[in-house]
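Next come the chains, spelled out residue by residue.
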Amino acid sequence: MQSSGNRPTIGGMLLQHVIVFLICIVFPGLVTMIIPATWITFDRNEQGVRCKTYTCVFFIVPFKVQQVDPVTEISQREHSGRTEKQHKLGRTTNKIVEVQGEGFLTIHGVDEQFIEISVSPASLESVAARCNEFLSSNNQSSTIVFTIPNWKFGVLMGGTLTSLTLLFVVGYTLGFLKLIFTGLKQIFVSASP
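Bear in mind that the values here come from a model prediction, so they are computed numbers and not experimental data.

(A) Focus on the sheet that holds strand E3 (residues 61-68). Here we have four strands laid out as an open sheet, ordered E3-E2-E1-E9, and antiparallel in their pairing. Here the strands that pair on one side only, and so sit at the sheet edges, are E3 and strand E9 (142-147). Here the average twist between neighbouring strands, direction ignored, is 20 degrees. Against the sheet, helix H2 (residues 124-136) contacts strand E1 (37-45), strand E2 (48-57) and E9, and its axis sits at roughly 170 degrees relative to E9.

(B) Main features of the pattern of salt bridges. Summed over the entire model, instances satisfying the criterion amount to two salt bridges. A salt bridge links Asp43 to Arg50, with the nearest nitrogen and oxygen atoms 3.4 Å apart. Residue classification places Asp43 among the partly exposed positions, given a relative accessible area of 29%. Across the pair Glu116 and Arg77 runs a salt bridge, and its minimum N-O distance is 2.9 Å. In this pair, Glu116 is assigned in strand E8 (residues 114-119) and Arg77 in strand E4 (residues 71-79), connecting sequence segments 39 residues apart. Note on Arg77: relative accessible area 36%, which makes it partly exposed.

(C) Inspection of the side chain of Thr162 at higher detail. Of note, Thr162 is situated in helix H3 (residues 151-191). A relative accessible area of 14% places Thr162 in the buried class. If sequence neighbours within four positions are ignored, Thr162 has contacts with Pro28, Thr32, Phe58 and Phe59.

(D) Structural view of the packing of helix H1 (residues 10-34) against H3. Interhelical geometry of H1 versus H3 gives an angle of 145 degrees and a closest axis separation of 9 Å. Crossing handedness for the pair H1 and H3: left-handed. Between H1 and H3, the contacting residues are His17, Val20, Phe21, Cys24, Ile25, Phe27, Pro28, Val31 and Thr32 on the first element and Phe153, Met157, Gly158, Leu161, Thr162, Leu164, Thr165, Phe168 and Tyr172 on the second. Split into classes, the residues belonging to the contact of H1 with H3 amount to 13 nonpolar, five polar and no charged.

(E) Structural view of the pairing of strand E7 (residues 102-109). Burial within E7 is extensive, with six of its eight residues counted as buried. Here E4 runs beside E7; their pairing, made up of eight bridges, is antiparallel. Pairing of Val71 across the sheet is with Gly109, part of E7. Bridge analysis of E7 against E8 gives six bridges, and the strand direction is antiparallel. Looking at E8, one finds that Gly103 is bridged to Val119. As consecutive antiparallel partners, E7 and E8 are separated by four residues, and within that stretch Asp111 has a phi angle of approximately 55 degrees, a positive value.

(F) Seen up close, a nonpolar patch on the surface. The grouping of Leu166, Val170, Leu174, Phe176, Leu177, Leu179, Ile180, Phe181, Leu184, Ile187 and Phe188 at the surface amounts to a nonpolar patch, some 1100 Å² of accessible area in total. Tracing the backbone through its elements, the reader meets Leu184 in helix H3.

So, how was this worked out
Residues numbered from 1 in each chain as written. Predicted model: local features only at pLDDT ≥ 70, side-chain atom pairs only at ≥ 80, totals over all residues. Heavy atoms only, no water. Pairing = 2+ DSSP bridges. Helix = DSSP H or I, 4+ residues; strand = E, 2+ residues; numbered from the N terminus. Axes fitted to C-alpha atoms, helices over the stretch in contact; angles between N-to-C directions. Contact = heavy atoms within 4.5 Å. Salt bridge = Lys/Arg side-chain N within 4 Å of Asp/Glu carboxyl O. Buried < 20%, exposed > 50% of the residue type's maximum accessible area, 1.4 Å probe, protein only. Left-handed = near helix turned anticlockwise from the far one by under 90°. Nonpolar A, V, L, I, M, F, W, Y, C, P; charged D, E, K, R; others polar. Patch = residues over 30% accessible without salt bridge, like charges linked within 9 Å, V, L, I, M, F, W, Y side chains within 5 Å. Areas by Shrake-Rupley, 256 points an atom, 1.4 Å probe, with all protein chains shown as cover.

Next comes the structure, spelled out in structure tokens:
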């Protein structure tokens, strides 16, 4: 005798899909939005250098696009990391915590137009040097620079979670295609004499 409790209910299956969606899409999206990757593209034309930045969730889906045309200067600034006493429940404790530094790349244009991008302090110098090198050189017609505010958290955690998103998209796409092909197969089998 078979019990009816072995078969999942529609509500149970729906709950499973909602949980998978939250874990594979919503949570990685929030993490990569808090620590977003930015693609900085420079293009050279007759009028000068144009810069367009794509701040992305999941490393490739832009949610903020900014542009400066023409670029006049590229600068950087940094807030140094520091140590301070931890605050808990409105009180200062004796525990010392390290506060990470922040780096910012500023791309200036005409009429006080500018873009400011959060960049990891560890790579701020090299990113600024690469951008300034393109601005001062006439050899390249375009270049793309990848930046992220925090390499450890943004790339390691964001990258791992984004791979879950990729698995989710591939898995559901294959499941949907299988459903379509199964339906088409049933239609052709029932239509044949």
